[in-house]
Amino acid sequence: MTVTVEIARRGTPQAPRRWVCPKCAAEHDPAAVKENLSVCPACGYHQRIGARERIAQLADEGTFVEYWSHLRTLDPLDFVDLEPYPERVREAQGASGLTEALVAGPAAIGGTPCVLAVMDFGFMGGSMGSVVGEKLWRAAAIAADEGRPLVAVASSGGARMQEGALSLMQMAKTTCAVDVLNDARVPFVAVMADPCTGGVVASFVSLADICVAEPGALLYFSGPRVIAQTTREQLPDDFGGAERNLALGHVDAVVPRAELKDRVANYLRLLKGGGQPDGLERRGSSRSRNGRTRRLARATSARVAAAFKNPGREPVGGSGTAPGSPEEPAP
Amino acid sequence: MNLSEEAERLQGLLKSRRHERRRHDTWLTVQIARNKDRPRTREYIEQLIEGFEELKGDRLRADDRAVIGGLGWFDGRAVVVVGHQKGRTLGEQTEHSFGMARPEGYRKAQRLFALAERHRLAVLTFVDTPGAYPGVDAEEGGQARAIAETMLAMARLSVPVVATLIGEGGSGGALALAVADRVLMQENATYSVISPEGCAAILWRDAEFAPQAAEALRPTASQLLPLGVIDRVIEEPRGGAHVNPEAAARRVHDAIAEALTELEQLRPRERRMARRERFRQLGVWGGEGLLP
């Protein structure tokens, strides 16, 4: 907050600062761009946005409560490259105002209570380490417990190298978190924002019930540089782009930011709106249903037995709905 | 005064020597893990599995030779075996894409896992890959989702699942076959989120720093055991598994047999829940005491 104020003050004596679109080079008033959800009003270029701005755009006003911000990043490997890992984390915290690359907690979207988990690319490239994995696990766990859908907005370069194999394990951990959601039959909607790559897209994000991408977002597991180095293949111009992924069948829709909240809200209502029984009733919990199943089974085995006694009169196998079969009405 | 300065200097020296030693040892392990004569999945299947019947294809479009699998007998019980296959000669390595699987390979693994679940067969996997195949066709064929779904398929199994890392455990491409009840790792195998060269290129901006990156990533079995990433280190003959493949295979056999016997004591649902719990606990974080 204070940072923003300072920048504004420093800017006032000169001409008002303009925002220049990196795609169409049109100049705009930064406030107007922000008002337009950080999308270029001229060409529709979707600027990357941080977790706080994303939450403000998606969650109903005043409904989001941040949970688990007390979880602290540790340095289990004593990782030092050109700079020690704890230094890099402190810098990212200072620059972003966040404690880690994922911000999560309960919220409501379009009136539907849910759990919202949003990644921030500005925090060490949105990389997934132990804390991100643990927060996502907890988000899924309370979603499953309380029957609230999970909405995840992913924007990440992948697993966090500085935690070595432990960050690789977060791919398995978050996959197990989706398993928990699936077992509880709790909806999971993922939004893929630019960029969405590496270990994050190859784990929980791709396993969502519904996966949508923002226009222009890059989505891939191995990036163009790695592909060029390893296989020296010629890459298509729009390799990894959201629109190309839509054509290839890897995402359900490409949704402009202006429509995102309404679309997600609608998905949640639809996924929660079926009301059909789950088919997992224990024996005895639904006597009439079981009775019907038993009668059907008896009828079927009688038919099969009859067919064996009189081969040629009735076909055996298939679903038993042979034309003229007396017990089964024609569909 | 002088004494304490001298002590500090010596301690600093000792620390840097330890670093050098660790860097040397880690880099040596990386080399042994990649040694072209090292026994591969195929060799372990020949040594450990009786009457192996290879089953090919993903039932969708192709048979990826970077992943091999099938049915066979391990210590008197029928099992499903799935593993990355790297190959040893250049011809074999090309045929098997150096063990780098495409989506077709992961989907083949998934259908073999489904087969195992349907017929109540334990699953043994062997992990040996530099990583998933990084190509346009693989990417556009759904590489990311193929890996994610393979992990989920493993997480959902209720039969016993034992994974053994026998060479390179490169990133998500390796993990896709290692969401197991027990993860065993040979002494000179490696398991890492990124290759030392890839890590050096990004963080040091120069692949020449691969030995430094390898040291920082701590990818060896003895380093991963205390973190809970693996459950057991399997010793190798002096010099590495390639020096005496039969002896190496015997030790792998004993470790898998022990793990399977333990796992067979559990009920199917217990196994699945324990596996989920195993992976839930992975990671290191602080701050738990900060909230009531």
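About the criteria used
Residues numbered from 1 in each chain as written. Chains lettered and ligands numbered in written order. Predicted model: local features only at pLDDT ≥ 70, side-chain atom pairs only at ≥ 80, totals over all residues. Helix = DSSP H or I, 4+ residues; strand = E, 2+ residues; numbered from the N terminus. Buried ≥ 20, exposed ≤ 12 C-beta atoms within 10 Å, placed from the backbone. Contact = placed C-beta atoms within 7 Å. Rg over C-alpha atoms; globule rule 2.2 N^0.38 Å. Core = buried A, V, L, I, M, F, W, Y, C linked by C-beta atoms within 7 Å. Axes fitted to C-alpha atoms, helices over the stretch in contact; angles between N-to-C directions. Parallel < 35°, antiparallel > 145°, perpendicular 65-115°, else oblique. Left-handed = near helix turned anticlockwise from the far one by under 90°. Nonpolar A, V, L, I, M, F, W, Y, C, P; charged D, E, K, R; others polar. Expected span 1.5 Å × (residues − 1). Arc of directions from axis to C-beta. Pairing = 2+ DSSP bridges. Right-handed = clockwise from strand over helix to strand, strands pointing away.

Caption draft 1: Structural context of the overall build of chain A. A count of helices and strands for chain A gives 10 helices and 10 strands. Relative to its full complement of 331 residues, chain A shows a buried share of 41%. For chain A, the proportion of contacts with a sequence separation of at least 24, taken over those separated by at least 6, is 66%.

Caption draft 2: Representation of the overall build of chain B in the model. Scanning chain B from terminus to terminus reveals 12 helices and nine strands. For 292 residues, the compact-globule formula gives about 19 Å, and the C-alpha radius of gyration of chain B, at 20 Å, lands near that figure. Across its three principal directions, the C-alpha atoms of chain B cover 75 × 55 × 40 Å. Per-residue burial over chain B gives 53% buried out of 292 residues. Residue pairs in contact within chain B that sit at least 24 positions apart in sequence constitute 71% of those at least 6 positions apart.

Caption draft 3: Region of the structure containing the nonpolar core. Counting residues in hydrophobic clusters, the biggest one holds 168 residues, and the most contacted among them are Leu116(A), Leu150(A), Met192(A), Val205(A), Val123(B) and Met151(B). No other element matches the 10 residues that helix 6 (residues 164-183) of chain A contributes to this core. Setting aside residues no more than four positions away along its own chain, Met192(A) makes contact with Ala154(A), Val205(A), Cys211(A), Ala213(A), Ala217(A), Leu219(A) and Val251(A).

Caption draft 4: Looking closely at the packing of helix 4 (residues 103-118) of chain B against helix 6 (residues 143-156) of chain B. All names here are of chain B. Packing of helix 4 against helix 6 leaves a shortest axis separation of 9 Å and a crossing angle of 20 degrees. Comparing the axis directions of helix 4 and helix 6 gives the class roughly parallel. For helix 4 against helix 6, the interelement crossing comes out left-handed. On the side of helix 4, the interface is formed by Pro103, Tyr106, Arg107, Ala109, Gln110 and Phe113, while helix 6 contributes Gln143, Ala146, Ile147, Glu149, Thr150, Ala153 and Met154. When grouped by side-chain class, the residues that make up the contact of helix 4 with helix 6 number eight nonpolar, three polar and two charged.

Caption draft 5: Looking closely at the interface of chain B and chain A. Taken together, the contact pairs 45 residues of chain B with 51 residues of chain A. Mapped onto the side of chain B that touches chain A, the elements with two or more residues apiece are helix 5 (136-140), helix 6, helix 7 (171-175), strand 7 (190-192), helix 8 (196-204), helix 9 (210-217), helix 12 (268-280) and strand 9 (285-286) of chain B. The element best represented in the side of chain B that touches chain A is helix 6 of chain B, accounting for nine residues.

Caption draft 6: Structural context of unusual backbone geometry. Cis rather than trans, the peptide bond between Asp194(A) and Pro195(A) has omega equal to -15 degrees. Position of Pro195(A) relative to the elements: it lies in strand 7 (residues 188-197). Here Phe98(B), not a glycine, exhibits a phi torsion of approximately 55 degrees, which is positive. Within the element layout of this structure, Phe98(B) appears in the loop between helix 3 (90-95) and helix 4.

Caption draft 7: Broad picture of the packing of helix 8 of chain B against helix 9 of chain B. Residue and element names in this part refer to chain B. Look at helix 8 against helix 9: their axes get within 8 Å of each other, and the N-to-C directions meet at 100 degrees. In this view, helix 8 runs roughly perpendicular relative to helix 9, as classed from their interaxial angle. Counting all contacts with helix 8, which are made through Pro196, Glu197, Cys199, Ala200, Leu203 and Trp204, the residues of helix 9 involved are Ala210, Gln212, Ala213, Ala214 and Leu217. For the contact of helix 8 with helix 9, the residue count by class is nine nonpolar, one polar and one charged.

Caption draft 8: Seen up close, helix 11 (residues 245-263) of chain B. Residue and element names in this part refer to chain B. A rise of 1.5 Å per residue sets the reference length of helix 11, with its 19 residues, at 27 Å; its end C-alpha atoms lie 27 Å apart and thus fit the reference within 8%. Among the residues making up helix 11, those that are buried are Ala248, Val252, Ala255, Ile256, Ala259, Leu260 and Leu263. Take helix 11 and look down its axis: the buried residues cluster within an arc of 130 degrees, on one side only. The exposed residues of helix 11 that point more than 90 degrees off its buried face are Glu246, Asp254 and Thr261. The secondary structure elements touched by the buried residues of helix 11 are helix 2 (41-48), strand 4 (122-129), strand 5 (161-170), strand 6 (182-186), strand 8 (232-234) and helix 12.

Caption draft 9: Quick look at the pairing of strand 5 (residues 112-119) of chain A. All names here are of chain A. In terms of burial, strand 5 is largely enclosed, as seven of its eight residues are buried. Of the pairings in the sheet, the one linking strand 4 (residues 102-109) to strand 5 comprises eight bridges and is antiparallel in character. Looking at the pairing, Ile109 lines up with Thr112 of strand 5. Hairpin remark: strand 4 followed by strand 5, antiparallel, with two residues in the connecting loop; positive phi at Gly110, about 55 degrees. For strand 5 and strand 6 (residues 150-156), the ladder comprises four bridges, and the chain directions are parallel. Looking at the pairing, Val115 lines up with Leu150 of strand 6. Of the crossover connections in this fold, the one passing from strand 5 over helix 5 (residues 130-146) to the parallel strand 6 is right-handed.

Caption draft 10: Representation of the pairing of strand 6 of chain B. Residue and element names in this part refer to chain B. Counting buried positions over the five residues of strand 6 gives five, a clear majority of the element. Covered by surrounding structure in strand 6 are Arg182, Leu184 and Gln186 together with Val183 and Met185, the residues of both alternating faces. Two elements, strand 5 and strand 6, share four bridges in a ladder whose sense is parallel. Bridge assignment links Thr164 to a residue of strand 6, and that residue is Leu184. Bridge analysis of strand 6 against strand 8 gives three bridges, and the strand direction is parallel. Directly across from Leu184, in strand 8, lies its bridge partner Arg232.

Caption draft 11: Structural detail: the environment of Pro106(A). Residues and elements named next belong to chain A. You can see Pro106 is positioned in strand 4. Accessibility expressed as a C-beta count within 10 Å gives 19 for Pro106, which makes it partly exposed. Pro106 sits 45 residues away from Glu61 along the chain, and the two C-alpha atoms are 13 Å apart. Those residues within four positions of Pro106 in sequence are excluded, and the remaining contacts are Val65, Pro113, Val115 and Arg148.

This is a description of form; function is not addressed.
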